[in-house]
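# Summary of the model geometry
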Amino acid sequence: MKIYGKEISVLDWTGDALAVGFFEREEILTLNDEMTQLDQKLLGTISELIQEKECKGKTGCICLTRVGSNTPIRKIMIVGLGKSSDFSLNTLRKTGAAIARIAKKEKIKTLALQLPNFNEDKEGSAGAIAEGLILALHQDNRFKSDPQDQDLKLETVDLLGFSAIETVITRTEQICSGVILAKELVNAPANVLTPVTMAETAKELAHNYGLKLEILEQEDCEKLGMGSFLGVAKASELPPKFIHLIYNPSGTPRRKVAIVGKGLTFDSGGLNLKVSGSGIESMKVDMGGAGATFGAAKAIAQLKPDVEVHFISAVTENMISGRALRPGDILTASNGKTIEVNNTDAEGRLTLADALVYTEKLELDAIVDLATLTGACVVALGDDIAGFWSTDENLTKELKQASEASGEPMWEMPLKENYFELMKSPIADMKNTGSRSGGAITAALFLKQFIEKTPWAHIDIAGPVWADKESGINNQGATGYPVRTLVNWILS
Ligand code: BES
Ligand code: MN
Ligand code: ZN
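These notes cover the structure that comes with them.

The rules behind each value
- Residues numbered from 1 in each chain as written.
- Chains lettered and ligands numbered in written order.
- Predicted model: local features only at pLDDT ≥ 70, side-chain atom pairs only at ≥ 80, totals over all residues.
- Heavy atoms only, no water.
- 1 Å grid on protein atoms, 1.4 Å probe; cavity = no way out; pocket = protein on both sides within 12 Å on 5 of 7 lines; lining within 4 Å.
- Points joined across faces, edges and corners; volume = space filled by probe spheres on them.
- Helix = DSSP H or I, 4+ residues; strand = E, 2+ residues; numbered from the N terminus.
- Nonpolar A, V, L, I, M, F, W, Y, C, P; charged D, E, K, R; others polar.
- Buried < 20%, exposed > 50% of the residue type's maximum accessible area, 1.4 Å probe, protein only.
- Donors = N, O, S within 2.8 Å, 3.2 Å for Na, K, Ca; no water.
- Tetrahedral: all angles 85-135°; square planar, octahedral: opposite > 155°, others 65-115°.
- Patch = residues over 30% accessible without salt bridge, like charges linked within 9 Å, V, L, I, M, F, W, Y side chains within 5 Å.
- Areas by Shrake-Rupley, 256 points an atom, 1.4 Å probe, with all protein chains shown as cover.
- Salt bridge = Lys/Arg side-chain N within 4 Å of Asp/Glu carboxyl O.
- Core = buried A, V, L, I, M, F, W, Y, C linked by side-chain atoms within 4.5 Å.
- Domains from an automatic or database assignment.
- Contact = heavy atoms within 4.5 Å.

## Quick look at the layout of surface pockets
Of the voids in this model, the largest pocket is the one considered here, and its volume is about 1100 Å³. If you go around the largest pocket, you meet 38 residues; those closest to its centre are Lys 274, Leu 373, Thr 374, Gly 375 and Ala 376. Of all the elements, helix H11 (residues 375-381) adds the most residues to the lining of the largest pocket, at four residues. For the lining of the largest pocket, the class distribution of residues is 12 nonpolar, 16 polar and 10 charged. Estimates place the volume of the second largest pocket at around 600 Å³. Lining the second largest pocket are 23 residues; nearest its centre among them are His 138, Gln 139, Asp 140, Asn 475 and Gln 476. Elements represented by at least two residues in the lining of the second largest pocket include exactly helix H3 (89-105), helix H5 (166-187) and strand S20 (477-478). Take the lining of the second largest pocket: its biggest share by element is three residues, from H3.

## Structural notes on helix H13 (residues 439-448)
Among the 10 residues in H13, nine count as buried, and that is most of the element. Among the residues of H13, those classed as buried are Gly 439, Ala 440, Ile 441, Thr 442, Ala 443, Ala 444, Leu 445, Phe 446 and Leu 447.

## Observations regarding the coordination of the manganese ion (ligand 2)
Geometrically, a metal with four donors at the corners of a regular tetrahedron has ideal angles of 109.5 degrees, and one with six donors at the corners of a regular octahedron has ideal angles of 90 or 180 degrees. Protein coordination of the manganese ion (ligand 2) is provided by Asp 267 (OD), Asp 345 (O), Asp 345 (OD) and Glu 347 (OE), with donor distances spanning 2.0 to 2.2 Å. The site at the manganese ion (ligand 2) holds six donor atoms, and with the angles between them running 71 to 168°, its shape is irregular. Between consecutive donor residues of the manganese ion (ligand 2), the sequence gaps follow D-x77-D-x1-E. Under the relative-accessibility criterion, Asp 345 is labelled partly exposed at 22%.

## What about a nonpolar patch on the surface?
Where nonpolar side chains cluster on the molecular surface, the patch consists of Leu 271, Leu 273 and Ile 320 and spans about 250 Å² of accessible area. Mapping Ile 320 onto the fold places it in the loop between strand S11 (307-318) and strand S12 (330-332).

## So, the nonpolar core
The biggest cluster of nonpolar side chains holds 92 residues, and the ones touching the most others in it are Leu 111, Leu 113 and Trp 489. In terms of residue count, H5 provides more of this core than any other element does, 10 residues in total. Of the domains in this structure, domain 1 (2-164) and domain 2 (174-491) are the two that each give at least three residues to this core. When sequence neighbours within four positions are dropped, the list of residues in contact with Trp 489 reads Arg 255, Val 257, Ile 259, Ala 366, Val 368, Leu 395, Glu 398, Leu 399 and Ala 402. Core analysis: the next-biggest nonpolar cluster, separate from the first, contains 44 residues, Leu 216, Met 430, Ala 440 and Ala 444 among them.

## Re the coordination of the zinc ion (ligand 3)
Coordination of the zinc ion (ligand 3) by the protein comes from Lys 262 (NZ), Asp 267 (OD), Asp 286 (OD) and Glu 347 (OE), over a distance range of 2.0 to 2.4 Å. Note that the zinc ion (ligand 3) binds six donor atoms; their angles at the metal cover 78 to 173°, and the shape is octahedral. Expressed as a motif, the donor residue spacing for the zinc ion (ligand 3) is K-x4-D-x18-D-x60-E. The manganese ion (ligand 2) is placed at 3.2 Å from the zinc ion (ligand 3), the two being bridged by Asp 267. Note on Asp 267: relative accessible area 3%, which makes it buried.

Here you go:
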């Protein structure tokens, strides 16, 4: 699919389908001069459709009709944009997605969109529409023996009233390629996507996009004293992989940052096993942090900002076997801190502990970690909103702005120090879990033990990593959250 800006009137466009956006009104929609002329040209089809369906421009409401066979435009879509007072880039993103889904169903080849731009921000608006179109059309058929609707019919989309948007469309395609990589990594089941194949994916990324890559094997991690990460990895038949991708800008970097992603290709819970009904069958998503990290790497390597970025993940599986970590075992992390593992299902923080210690040694300006860390965060904020914690006000401001712009919501949660008392161990420096209440907060406090001074933020993505059903720009399945936020942040 190619997306173009066309500074022409709807009266001059010909093709399979035209989608026209309308803001919500109390009364049935009316047509402006241009649309009235088009309506006349199309023998009154538009006004008839509006009358018949009583279109009022409500959010998400799309009415479609066929115009005729020899008309310059063969199908018309009346697209509700909701109240103009609620209009935002996110409206455009969701509208783009909704139109794309219908275009696909209707097997439309050439499509034009007549949508308003937000705040005279033509570039931002075109980018948001394109994001919605591209992401909604992505369908993961890799695991079907007979992949249906594989051949996408949609060939061109013309954004009417937009011009000189080639650059923003290219950038949007680059960002979306990162989002799609993250989705595909998370969608892939744990028998296909393993620590070994994650390392192979990193190699491909490095090779195809000119990133530097360092992979630490088990022995290397042992030498660095990563007892916490390796404790989790013990029961797996597969070797753990500590993956470090680096994007170096051509000139002197304006700043140096790291993204660290939790990379559990499967989380069985270990010996404190996840019982049936706990969602164990969906625990392939537990590398969603690493998936988003790789996705961001793919996007950043193409966008080439003047920032040095490190993409890091300690990848393994949390399994059971005779070699498994036992509840009560004490591990020593690479910063020398000791951890009494009272629950082997709180494994993500154990892997992240060593990843954070390693990352801090790189002496960067900021570290952001992403993790499907706790069910408690999903209980607190639901499926759509990530939990956000940070030790730094500036970093908080930057990431909030980036998330606002991408439409990937997150909510700041407290790093309430006295909750850490729940994690005190009589025998080691700390336990790895506290009580059930405040579980997302104690998890964040645990991670904080492994950061000394670098500005740090932690994003718990256990909810938004996955969508049970299609909604907004998300199709059912992995969402690629929060690749677009990370990209915005790095570019800001
Ligand atoms: N991977 C899970 C968290 C999770 C839950 C991710 C739902 C995605 C969806 C994590 O490793 C885990 O098991 N956390 C435990 C922590 C508890 C043992 C303190 C949890 O949330 O129950
Ligand atoms: Mn777990
Ligand atoms: Zn986990």
